[in-house]
Amino acid sequence: MILAASDTGFFNGFHDFFHSETWYVIENVFVFFVAVFWLAVAYWVYKDARRRIEDPWLVTMATVLGLMPFVGALIYMLFRPPEYLEDVRERELEIKAMEERMARRDLRCPVCRSEVDAGFLVCPVCTTKLKQACRSCNAPLESLWQVCPYCETPMDTPAALELGHTAALEPPRRERRRTP
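Residues numbered from 1 in each chain as written. Predicted model: local features only at pLDDT ≥ 70, side-chain atom pairs only at ≥ 80, totals over all residues. Heavy atoms only, no water.

Colleague: Please clarify how a nonpolar patch on the surface should be interpreted in this entry.
Modeller: Taken together, the side chains of Phe11, Phe14, Phe17, Phe18 and Ile26 make up a nonpolar region of the molecular surface, amounting to roughly 480 Å² of accessible area. At 4 residues, helix H1 (residues 2–18) tops the list of elements feeding residues into the nonpolar patch. Residue position: phenylalanine 18 is located in helix H1. (Patch = residues over 30% accessible without salt bridge, like charges linked within 9 Å, V, L, I, M, F, W, Y side chains within 5 Å. Areas by Shrake-Rupley, 256 points an atom, 1.4 Å probe, with all protein chains shown as cover. Salt bridge = Lys/Arg side-chain N within 4 Å of Asp/Glu carboxyl O. Helix = DSSP H or I, 4+ residues; strand = E, 2+ residues; numbered from the N terminus.)

Here you go:
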């Protein structure tokens, strides 16, 4: 009997605490913070979806998914686009700027870096030979072309002629001495 009376007193203390005003205040504050956290997560999903998704309908669907308590935000995080729209646009602008720089790169003399026209045969500043002229129509030709695209005249490649010419004039090479 003494043991039963002391057990009742111990559990009565817990019972009294969980039915007291203090417990109801703690419980209400906890529920309030959970509700605020849930709404904050839903708002974060909405803001993040607006930064990553262009289609307003998909942003709405992501926000509705984010309103599902806590699980919705996890699902959204698994399937959201990996980049912000701003980063995608910035990368596209950088690529476009690099392409423009690459296109402009060929319009400079390789020696003096002055601007030259695509049709120039010689740099007007430093007189470096930029292109070869076709022997029949005098159109500027690229060094690797084998036929003039304007008049279909076959081109003599001066580099091949010079290599063959210089190879014939060079003395034969000596063999290396082998050391035993």
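Colleague: How do you make sense of the packing of helix H3 (residues 56–66) against helix H4 (residues 71–79) when you look at a structure like this?
Modeller: At a minimum axis separation of 7 Å, H3 and H4 run at an interaxial angle of 140°. Of the possible angle classes, the one that applies to H3 and H4 is oblique. For the pair H3 and H4, contact is made by Ala62, Leu65 and Gly66 and by Gly72, Ala73, Ile75 and Tyr76, respectively. Considering only residue class, the contact of H3 with H4 consists of 5 nonpolar, 2 polar and no charged. (Axes fitted to C-alpha atoms, helices over the stretch in contact; angles between N-to-C directions. Parallel < 35°, antiparallel > 145°, perpendicular 65-115°, else oblique. Contact = heavy atoms within 4.5 Å. Nonpolar A, V, L, I, M, F, W, Y, C, P; charged D, E, K, R; others polar.)

Colleague: Got a minute to help me understand H3 in this structure?
Modeller: Three or four residues apart is the spacing at which side chains of an α-helix point the same way, because the helix has 3.6 residues per turn. Burial in H3 covers these residues: Val59, Ala62, Thr63 and Gly66. Considered in projection along H3, the buried side chains sweep an arc of 100° and stay on one side of the axis. On its buried side, H3 packs onto helix H2 (21–52) and H4. (Buried < 20%, exposed > 50% of the residue type's maximum accessible area, 1.4 Å probe, protein only. Arc of directions from axis to C-beta.)

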